Amino acid sequence: MKSGRKVLGLVADPGLLAVALLLAVLGVAMIYSAGQVDPPSVATGLWRRQAVWLAVSLTAFFFTSRVPLRWLEWATPWIYGISMVLLVLVLVVGGGPTTRSWLRFGSFSFQPAELAKLGTILILARHLGGKREPEGTLWKLWQPLLMVLGPFVLVLAQPDLGSALTFAVILGSALFWAGLPLFTIFMLVSPGVSLILGFSGMGMVWGIWFIAVLALLYLRRPFLSEAAAVILTNVAAGAMAVPLWNNLAPYQQKRLLVFLNPEIDPQGAGWHLIQSRVAIGSGGWLGQGFGGGPQKRLAFLPEQHTDFIFSVVGEELGLLGVLIFLGLFAWFFQRVLRTAIDTPAGFGSIVVFCLVSVWFSHLVINIGMTVGLMPITGLPLPFVSYGGSFLLTVFVGLGIVERVALER
């Protein structure tokens, strides 16, 4: 590590930065390829804007990596507060093709939800990192829950279901890394599982889950008030599933339905998943060649520069290219996770673990939805999907990781 710190005197782990930069450059290349269609589409030429965003993101990375953690911890309430104000503002004046998720300033646009993810990670790490002992009961978790509930509700109101669910990942990761008992985390997340099972309409499965919850409560014997709260919230979550489903936007409902059966709407919502599978399957071992994917070139593959950029990778670079991409991500994640493990418990360690959890969840969900293992939620692939604000916040987070690695 000492030799790494001496490299240009800039970063603690130059290998981590090198892999991140390589993934981002490969992302620009795949966005360029995604724009090579007949006839030209909205994706054509966007690689130039992504390259500009990459330059801006690298500048932000080097700035963030020079900020002492104590300064960042001091500024955390301000970062969180500003992100909340922007989330409220985007509901009033925001825009977007299907959601009110972007603030636009001429040709420039920014997605406040990305800043809110970072702000929520920081505020949770500041709160939990200052505890001498992890919270042992549900009732002592009201502050972390409120910290996450605010941005969760505001992002869900845009409506951006995919980004909203990311805040649940942030909360679970922060509580786990802060040392909260696993059974307490189970009690906390069990209503969410009930809600998902209620959405699916599988009443028998929900009944089995509810019996399992009761059995675990009986075996572990938590406080009576905690057990009662868990039971009531699970029942309420199951009962609220249908009203919440009815309040989802039509396109969100279709995305969840075609996850179960793409053939119910093959010319509409199911088109995305069907064409994605065809594109990835047609890549074979070595792919169709960079820029030569027929599904992409004939514009059969929708959102091929954002949500379905991985489908372009599979079609043009084949299984070999996919394995190289996944290998780079695996190396990147293990380096970030190693930083969290090697850092003494506290603010910095929790921040790093939450960041790697969010990035990993984006990877799993994005790739999963391109092959039909996950519902289509619109979460981008880190470093690769087109999107300036997401790329910027990822590199800002990476700058924090490098700073934590330096100060440990």
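What counts and how
Residues numbered from 1 in each chain as written. Predicted model: local features only at pLDDT ≥ 70, side-chain atom pairs only at ≥ 80, totals over all residues. Heavy atoms only, no water. Helix = DSSP H or I, 4+ residues; strand = E, 2+ residues; numbered from the N terminus. Buried < 20%, exposed > 50% of the residue type's maximum accessible area, 1.4 Å probe, protein only. Contact = heavy atoms within 4.5 Å. Salt bridge = Lys/Arg side-chain N within 4 Å of Asp/Glu carboxyl O. Expected span 1.5 Å × (residues − 1). Phe/Tyr/Trp six-rings, centres within 6.5 Å; stacked < 30°, edge-to-face > 60°. Patch = residues over 30% accessible without salt bridge, like charges linked within 9 Å, V, L, I, M, F, W, Y side chains within 5 Å. Areas by Shrake-Rupley, 256 points an atom, 1.4 Å probe, with all protein chains shown as cover. Core = buried A, V, L, I, M, F, W, Y, C linked by side-chain atoms within 4.5 Å.

Engineer: Whenever I open this one, the overall build of the protein confuses me. Can you help?
Structural biologist: Scanning the protein from N- to C-terminus turns up 16 helices and 2 strands. The proportion of buried residues among the 408 residues of the protein is 50%. Of the contacts made within the protein by residues no fewer than 6 positions apart, 71% connect residues no fewer than 24 positions apart.

Engineer: Can you walk me through the pattern of salt bridges in this structure?
Structural biologist: One pass over the structure, following the stated rule, counts 4 salt bridges. Lys117 serves as the salt-bridge partner of Glu114, at 3.4 Å between the closest nitrogen and oxygen. Here Lys117 and Glu114 lie together in helix H5 (residues 112-129), a separation of 3 residues that amounts to about one turn. Overall, the relative accessible area of 4% leaves Glu114 in the buried class.

Engineer: I would appreciate a short explanation of helix H2 (residues 14-34) in the present structure.
Structural biologist: Because each turn of an α-helix spans 3.6 residues, side chains separated by three or four positions in sequence point in the same direction. Its 21 residues place the ends of H2 30 Å apart at the C-alpha level, agreeing with the 30 Å of an ideal helix rising 1.5 Å per residue. The set of residues buried in H2 consists of Leu16, Leu17, Val19, Ala20, Leu23, Ala24, Gly27, Val28, Met30, Ile31, Ser33 and Ala34.

Engineer: What is the right way to read the packing of aromatic side chains from this model?
Structural biologist: By convention here, two paired aromatic rings are described through the distance between centres and the angle between planes. Scanning the model with the defined rule gives 15 aromatic pairs in all. When the ring of Phe176 is compared with that of Phe353, the centres are 5.9 Å apart and the planes differ by 40°; the resulting orientation is tilted. Placement of Phe176 in helix H7 (residues 161-177) and of Phe353 in helix H15 (residues 347-371) is noted, with a sequence separation of 177 residues between them. On the accessibility criterion, Phe176 (41% relative accessible area) is partly exposed. On the basis of relative accessible area, Phe353 is assigned to the buried category, the value being 12%. Note on Phe329 and Phe333: the rings are 6.0 Å apart at their centroids and 25° apart in plane angle, and the pair reads as stacked. Of this pair, Phe329 and Phe333 are both found in helix H14 (residues 309-342), 4 residues apart, which corresponds to roughly one turn of the helix. Neither Phe329 nor Phe333 differs from the other in exposure class; each is buried. In textbook terms, an aromatic cluster arises when at least three aromatic residues are bridged by ring pairs, as seen for Phe329, Phe332, Phe333, Trp359, Phe360, Phe383 and Phe395.

Engineer: Help me out: how do you make sense of a nonpolar patch on the surface in this one?
Structural biologist: Nonpolar side chains collect at one region of the surface, where Trp285, Leu286, Leu319, Leu320, Leu323, Ile324 and Leu326 lie side by side and expose about 750 Å² of accessible area between them. Its location among the elements puts Leu319 in helix H14. Taking relative accessible area as the criterion, Leu319 reaches 34% and is therefore assigned partly exposed.

Engineer: Would you mind showing me how to read the nonpolar core here?
Structural biologist: Across soluble globular proteins, you tend to see nonpolar side chains buried next to one another. Of all hydrophobic cores here, the largest spans 98 residues; its most connected members are Phe329, Phe332, Trp359, Phe383, Phe395 and Leu398. It is H15 that contributes the most residues to this core, 13 residues altogether. When residues no more than four places from it in sequence are discounted, the contact partners of Phe332 are Leu16, Val19, Ala20, Trp359, Phe383 and Leu398. Val90, Leu103, Phe110 and Leu115 belong to the second-largest nonpolar core, a separate cluster that totals 5 residues.

Engineer: Looking at this structure, how should I read unusual backbone geometry?
Structural biologist: Glycine aside, the phi torsion of most residues is negative, and most peptide linkages are trans. Phi is positive for Arg221, close to 50°, though the residue is something other than glycine. The phi torsion at Phe383 lies on the positive side, around 70°, for a residue other than glycine. Checked against the element boundaries, Phe383 lands in the loop between H15 and helix H16 (388-407). Judged by its relative accessible area of 2%, Phe383 falls in the buried class.

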